[in-house]
Amino acid sequence: PGPPQAGDPPNGARPFAPDPLLELVRRPEADGLLLQAEGVPEQSLLILQVRPAFPALSPQEQRRRAELWQQWALELGYDHLELRDSRAGLIARDALVGEGMIVLRDSSST
């Protein structure tokens, strides 16, 4: 017999476990704002790369999104979250004291 064809594999097992970080980026609630997710397990850190549309959002919307994504990070077992832009610049990180996210202002924009 040849390789398995499309359909359910035997015993209901999945041939490949979905990558939780890839699934996170593809969640409909991300609204296409996430470009990439990278886990750093030894630091319990999740780094999300955001698309250029994220900094264009209102500060309130940025904070709302960041806090939603922080919840997703916690669900995946990461204690810390950083949001970075395409230049790897830090945009937001989890609060070191208290709860929530701290969204940093981009001083390089004019």
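Use the structure listed above.
Residues numbered from 1 in each chain as written. Predicted model: local features only at pLDDT ≥ 70, side-chain atom pairs only at ≥ 80, totals over all residues. Heavy atoms only, no water.

Undergrad: Got a sec to walk through the overall build of the chain? Specific residues and values, please.
TA: In terms of regular secondary structure, the chain is built from two helices and five strands. Listing every helix and strand of the chain by position from the N terminus yields α-β-β-α-β-β-β. Pairs at least 24 residues apart make up 44% of the contacts formed inside the chain by residues separated by at least 6 positions. Put simply, the chain shows about 7,500 Å² of open surface, and 53% of that area lies on carbon and sulfur atoms. (Helix = DSSP H or I, 4+ residues; strand = E, 2+ residues; numbered from the N terminus. Contact = heavy atoms within 4.5 Å. Areas by Shrake-Rupley, 256 points an atom, 1.4 Å probe, with all protein chains shown as cover.)

Undergrad: Describe in detail the pairing of strand β3 (residues 80-84), supporting the description with residues and values.
TA: Direction of pairing for strand β2 (residues 45-50) relative to β3: parallel, over a ladder of five bridges. In the strand pairing of β3, Gln49 is matched with Arg84. Handedness of the crossover joining β2 and β3 through helix α2 (residues 59-75) is recorded here as right-handed. Pairing between β3 and strand β4 (residues 90-94): three bridges, direction antiparallel. (Pairing = 2+ DSSP bridges. Right-handed = clockwise from strand over helix to strand, strands pointing away.)

Undergrad: Describe the environment of Pro52, listing the residues and the values that go with them.
TA: Mapped onto the secondary structure, Pro52 falls in the loop between β2 and α2. Its relative accessible area of 70% is what places Pro52 among the exposed residues. Through-space distance from the C-alpha of Pro52 to that of Leu33 is 8.0 Å; in sequence the pair is 19 residues apart. (Buried < 20%, exposed > 50% of the residue type's maximum accessible area, 1.4 Å probe, protein only.)

Undergrad: Explain the sheet that holds strand β1 (residues 34-40) to me, using residue names and the numbers behind them.
TA: Pairing in this open sheet of five strands is mixed, and the strands run β1-β2-β3-β4-β5 from one edge to the other. Edge positions in the sheet fall to β1 and β5 (101-103), since each of these pairs with one other strand and no more. Averaged over neighbouring strand pairs, the angle between their axes works out to 20° when direction is ignored. Examined bridge by bridge, β4 and β5 share three bridges and lie antiparallel to one another. (Axes fitted to C-alpha atoms, helices over the stretch in contact; angles between N-to-C directions.)

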